[in-house]
Structures are given as C-alpha cells and as structure tokens.
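Here is what each chain is made of, one letter per residue.
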Amino acid sequence: MAIGYLTIQARTAHEAVPLQGVDIRILDDQGNSLYHLFTDENGETQTVPLETLDKRFSQNENFTGLPYIAVNVLAQKAGFDSLYVSAIPIYDGERAVLPMVLLPMQQTRRRPEQMKIFVGKPAVAMQEARNQEGPASIAGSAAGAQGEENGAEGTAGEGTEDAGGRVLRQVVIPNPITVHLGAPGANASNVQVSFPDYVKNVASSEIYPTWPDAALRANIYAIITFALNRIYTEWYRSRGYNFDITSSTAYDQNFVYGRAIYESISRIVDQIFNEYVRRPGQIAPYFTSFCNGTTATCQGMSQWGTVTLANQGLAPLQILRSYYPKDVEIARTDIVTGAVTSYPGTALREGSTGLDVQTIQTYLNRIRRNYPAIPAITDPEGTFGSSTKAAVTKFQSIFGLAADGIVGKATWYKISSLYSAVARLAELNSEGNTLGIGTVPPSAVLRQGSRGQDVITLQYLLDVMSEYYPTVPAPAQDGIFGSGTRQSVIAFQRAVGLTPDGIVGQATWRKLYDVYRGIGDNVPGTGGGTQQPGGGGTGVQEYTVRAGDSLWLIARRYGTTVEAIKSLNGLTSDLINVGQVLKLPAGSTEGSWEYTVRAGDTLWLISRRFGTTVDAIKGLNGLTSDVLNIGQVLRIPG
C-alpha cells in the first residue's frame, strides 16, 4: 500500500486562538480508530501516516474508481461543540492539513452538539455537467485557442458592461472573499475566507493534488482567474446578491467549507495567488471556464487534458494557451483589500533593515502572545537579525508556509492577517468593557430602521459572533439597524436554529447573550490583557495536564475539589492524559505568578531574586534542564 499523511489543526477566531488539548480521533470507513491524538499549544497534532492507493491511479483519466482511501476525523473539547469531518481523501505522498473550526458551546447548553462536514470526491471525478456562465461576449467564443489562431480578434472573457451591469476599475484580490454555500438562489449560508485559503480549498476540491506541477499550476491559474473575473465584473453583486461567488460546480467552482487542503496545492497558491490570466492590452481577468474533459465537456479548459499536456513537457502558460486564446498572458495585481499594510514588493531576510522589518517584528511579537512557540525577537527594532529569522521560520512552520525564514509575499500577508485577527479580539474585549454588556438582554424589539444604544449593543454582539461563527458577517457598529445589520442578524439566526426573519425579539436576544457568555466561559484567554470578549474570569480557567498529575493533585494545588473538576469537564472517571486541557473553577489559584526571562537571567539568579528555589521553579514549569530562553514566560511560586 502507498502512504499519505494527515495533520489536524484546531483553531478559532480566524486562527487568532489555537485550541490546545483537543481530543482528535482518526477513523476508517468502518468507524475503527486509527489514531487518537491531542492538539499542542499551536492547536496542531503531529503528522500521521495513513495507507492509501498508489498515485498512478489518480494520474490516469481512464481509472473509473476512486484513486484514494478516505478517512474520518472527530474533534472534541470540553466547552465546544464537537466536529465530525467525513470522507477525507488521502493521496499517495501528499500531506493533507485539516482545519477544524470548533464552535464554543452556548452557556445554557448541557451537552455539546455535533457539527458534520462531508468532503467526498473532487469535482474532476463527478459526472455532473457544468454551466459556468460568464460575460455576455463569451457566447460562441470561449473555446479561445480552439477557434482562434495567434491571438485573433475577439472579446471572449473580457469584463464589460454587458457582463452584469458594471465592472470594477482595477483587478483586486478580495480579502476576504464571500462564498455562497449553494446555488445562487438557494437558501444557504455565506462564509468569508481569505482569498489564498479560498483558492487552496477550490483546487483541493476540483482536482487531484498528485498531478504534475505544470498541470496543477495551470488549473490553479484558471481557478484564480475565474474567481477574479467574478469579482471584477461584480457578476453576482450587480444582480442583487450579497456574495462574490458560489460553491456550486454547476455555476462556479467547487468549494467545500471545512475540508482538508493538500500541501502541493498550498505551496503553489502561496506563490501565485495574486497572478491571473488576461488578454494583452486588457485589464480584465479572462473568463477561464473549465470542466473535467471526460464525463463533462465544455468550451474551456479540460482538467484531465492539462495532465496530458504537462506529461508532454508543456509549461503552465503553454497549457493555458492550448485552451484559451493563444495570446493570453499572466498578469499580477498587488492590490489586496483588507490588508493592514501592503507587501513592500521585496522579500525581507536576514540583513534587511527599515520600517518594514520593524512592522513585521511588531506583528510577530503580538502574535506570539497567542502562539508562545514563536521565539521572542531580541534584535534591535528594524534590524532583521537571527532572532527575527527564527521567529519568522517558526511562524511559517505553524501556518504551513515554506519555512525559510524569509518574509515573501505569502508570509507577509499571513503575518498581517494573523496580527489583524489577534488585535481585533483585543479591541472587542475593550469595547465590551466600555459597553457594559451585563447579563440581562435588552427588552426592545429591533428591526431594520431601529436606532440607538440597543442597536449598538446588538452590533457589538454580532461582531463578536462573526469572530467564531464563519457564516455570520460583522456589521458596521454605527447604531443604525440597516441592511448590513439585518443580514448579520439573519445569518446568526440561521446559525443557531432560530427563524431567520431579521427581527431581534426576545428569543434572538436570549440566544445572542447565551452564545456570548458561552464564548467568555469556554474560549481560552489570549493573554496579555487581550482575553476573549466576555472572558477573563467569567467562570473557568484552563490547565494543561503534565506528567505525574492526578485529579487529586490538581485539586489540592488549585484549592478546589476532584468532584468540581470532574463536573466542570464532564469526566466520568479519574483518568486524565498528559496534554489534556482541563477547565478549573475561576478563582482557583496555584499561588504563582508569571515572569518573562530577560538577557542574563539564570534559574539560580531568578530563584535568589524572588526568594524561592531552582527546583521549585523547575517543578512548577515542568522543566527538565536549566536552559532558559529570552522571552520565555515562567511561573514563579508565590
């Protein structure tokens, strides 16, 4: 048997909060357990090998079976709804990374619910026909190279006024992109994801990651360009829809929210996510329609045909010119919406200096409060030295980027987006304290047209929900109940099982407060005064089980009882595992405080300074040697 690989990541709040101690079980199609894992401080499991089929099957268009073995994954954590992801394809030689977004339990719920996601086979293996409509001028000429020679005259794929009423003035990378999880008119939810993550998801959902590099790149260029054409022509928004693209293969391209992403695809997308196909002299992304080319045919690109051409030695652009006009070219846009700061255009590396380096150092130092595995940066501000490189390299390894210690385009935008996510949580916490949300919901019934303080409270709560519920968009916090707030209310109501009428009555108010308090009770604090909204001692704190621990010892250490710990965590026995995260009653304390290691510190000097012993510090922190790192946070006995 061939071998593929799987890594699971459990994070929440747009990856701002890693979830440690999540109980992960990998199961076969009969429900038998293959692996039992726990996530680490980065919210990630170890990578495990899994048996699958030889990659030759996924590279042969005449093979009629499924060229992989699928597995299922169950994730559970106290205080969160469980998540079951089924039919995850495992491919020969490929590492799949499965992101698992767990929802905090509502405060009044006694038992977690189980959310389910089905992945299944990619679109290239499906029988269904595709009907990817594009700009009106596409009709009869989308075959491109099949009907044109050497860039003959034609406007196929250009964004025009006929395309849907209006077009943008320039090509931009939408960050995030809003995806409708169904056909355009379906009563389905929308999700917002970063554009690179969207492209990685679509490519993993459309084709086999074992294909030759040139075939993968040609398909990814087509996927990127198709999406950017939808954005540029405002294909759906100009028709009154509140999304950019759908997940339907009948209309657009396949997108499976919550699916695993394959490393070969991920690395290519990181390199080219802002590059697209166009005609010479045109701004508009070309309308790059495509189909599998076997069970479905179309005027655009044949996905299986790209494999044949790649095996013949054609480069990605040559492959694209075999299906689209022969003069298409690869263009690039550096306009990324939603970015805190734009990529400077030149990679930063050891030896670089200046404000861009200082920006990255500032961002990483803030991110490491949530991801303490990232080492502290001790280089002078604005100087890219060895400690900056170490921090960048660790960040890259945590987030699946090429771990080369160089801040290129993909690393810059990932650091920027993570910084935005963690900073946003801090802002929400501050806003919540200012508003004084309290525990009793307002009594007013709110609907579109309402104004005032209760609307501000509503918008704040919805903003918090948007951090943890991917289908809930964040409204503007202006105290005016407009169409954007109504869309957020409807999305929230749909997410929690209420009638989605867009009116905030008592049932919706109660559910908003229930979810809000559940977030405060169950989501780990981010440290450094930036705990989750509603958190910071609102019921529980967390403790990670160490070697030698027992419930009795933990209870004695924190001044509580075994029964209280078991009840809070839903335990039915005294058995606990190293790495397991337990909730402890708020107010429990080990009689210790935190100290950050500085240059010149040793365990002996710290123990003398604070009137304790080296052994006491080592025991409290689980240290097995006397080695310390600058920036390391130690607990000091009180």
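Residues numbered from 1 in each chain as written. Predicted model: local features only at pLDDT ≥ 70, side-chain atom pairs only at ≥ 80, totals over all residues. Heavy atoms only, no water.

Explain the sheet that holds strand β3 (residues 23–27) to me, please; I cannot follow it from the model alone.
Sheet strands line up and pair through hydrogen bonds in the backbone, either parallel or antiparallel. Read across the open sheet, the five strands follow the order β4-β3-β6-β7-β9; overall the sheet is mixed. Among the strands making up the open sheet, the edge pair consists of β4 (33–38) and β9 (114–118). The mean angle between the axes of side-by-side strands here comes to 20 degrees, regardless of whether they run parallel or antiparallel. (Pairing = 2+ DSSP bridges. Helix = DSSP H or I, 4+ residues; strand = E, 2+ residues; numbered from the N terminus. Axes fitted to C-alpha atoms, helices over the stretch in contact; angles between N-to-C directions.)

Sorry, what's going on with the state of the cysteines here?
Each disulfide consists of a covalent bond between the sulfur atoms of two cysteine residues. Taken as a whole and assessed by the stated rule, the structure comprises one disulfide. For Cys291, the disulfide goes to Cys298, at an S-S distance of 2.3 Å. The S-S bond linking Cys291 to Cys298 shows a torsion near -90 degrees; that makes this disulfide left-handed. We classify Cys298 as partly exposed; its relative accessible area is 31%. (Disulfide = S-S within 2.5 Å. Buried < 20%, exposed > 50% of the residue type's maximum accessible area, 1.4 Å probe, protein only.)

Got a minute to help me understand helix α1 (residues 195–206) in this structure?
At 3.6 residues per turn, the α-helix brings residues three or four places apart onto the same side. Across its 12 residues, α1 extends 16 Å between first and last C-alpha, which sits within 8% of the 16 Å expected from 1.5 Å per residue. Across the 12 residues that make up α1, a large majority, 11, are buried. (Expected span 1.5 Å × (residues − 1).)

What exactly am I supposed to notice about the nonpolar core here?
The biggest cluster of nonpolar side chains holds 140 residues, and the ones touching the most others in it are Leu6, Ile26 and Tyr198. If one sorts the elements of this core by residue count, helix α2 (residues 213–232) sits on top with 14 residues. When residues no more than four places from it in sequence are discounted, the contact partners of Tyr198 are Ile177, Val179, Val193, Ala227, Ile245, Gln253 and Phe255. Core analysis: the next-biggest nonpolar cluster, separate from the first, contains 10 residues, Tyr543, Leu551, Val562 and Leu584 among them. (Core = buried A, V, L, I, M, F, W, Y, C linked by side-chain atoms within 4.5 Å. Contact = heavy atoms within 4.5 Å.)

What exactly am I supposed to notice about the pairing of strand β5 (residues 48–52) here?
Within a regular strand, the side chains alternate between the two sheet faces. In β5, alternate side chains face the same way, and those of Val48, Leu50 and Thr52 are buried while those of Pro49 and Glu51 on the opposite face are not. In this sheet, β5 lies alongside strand β1 (residues 2–12) in antiparallel orientation, the contact comprising five bridges. By the bridge assignment, Tyr5 is partnered in β5 with Pro49.

Looking at this structure, how should I read the packing of aromatic side chains?
The geometry of an aromatic ring pair is captured by the separation of the ring centres together with the interplanar angle, meaning the angle of the planes. Per the stated rule, a full pass over the model turns up 22 aromatic pairs. Note on Tyr91 and Tyr262: the rings are 5.1 Å apart at their centroids and 75 degrees apart in plane angle, and the pair reads as edge-to-face. Of this pair, Tyr91 sits in the loop between β7 (82–90) and β8 (95–100) while Tyr262 sits in strand β13 (residues 261–262); the two residues are 171 residues apart in sequence, bridging distant segments of the chain. Pairwise contacts between aromatic rings join Tyr68, Tyr91, Tyr208, Trp211, Tyr262 and Trp304 into one cluster. In this arrangement the basic side chain of Arg239 is found over the ring face of Trp235, its NZ or CZ atom lying 3.9 Å from the centre. In this structure, Lys409 packs its charged tip against the face of Phe273, placed 5.3 Å from the ring centre. (Phe/Tyr/Trp six-rings, centres within 6.5 Å; stacked < 30°, edge-to-face > 60°. Lys NZ or Arg CZ within 6 Å of the ring centre and 35° of its normal.)

Even after reading the chapter, I still don't get the pattern of salt bridges, so can you show me in this structure?
When the charged atoms of two side chains lie near each other, side chains of opposite charge can form a pair. Applying the stated criterion across every chain, the model contains 19 salt bridges. A salt bridge links Asp54 to Arg56; the nearest nitrogen and oxygen atoms lie 3.0 Å apart. By relative accessible area, Asp54 is classed as partly exposed at 27%. Residue Arg56 is classed as exposed on the basis of its relative accessible area, which comes to 62%. Between Asp252 and Arg230 there is a salt bridge, and its shortest N-O distance comes to 2.7 Å. Linking Asp252 in the loop between β12 (245–246) and β13 with Arg230 in helix α2, this pair joins segments that are 22 residues apart in sequence. Take Asp252 and Arg230: they sit in the same class, and that class is buried. (Salt bridge = Lys/Arg side-chain N within 4 Å of Asp/Glu carboxyl O.)

How should the sheet that holds β12 be read in this particular structure?
Spatial strand order, β11-β10-β12: three strands in an open sheet with mixed pairing. Sheet topology places β11 (190–193) and β12 at the edges, where each strand pairs with a single neighbour. Strand direction decides the pairing type here: strand β10 (residues 177–180) and β11, joined by four bridges, are antiparallel. From the neighbouring strand, Val179 faces β11, where its bridge partner is Val191. Contacting β10, β11 and β12, α1 crosses the sheet at an angle of about 40 degrees to β10.

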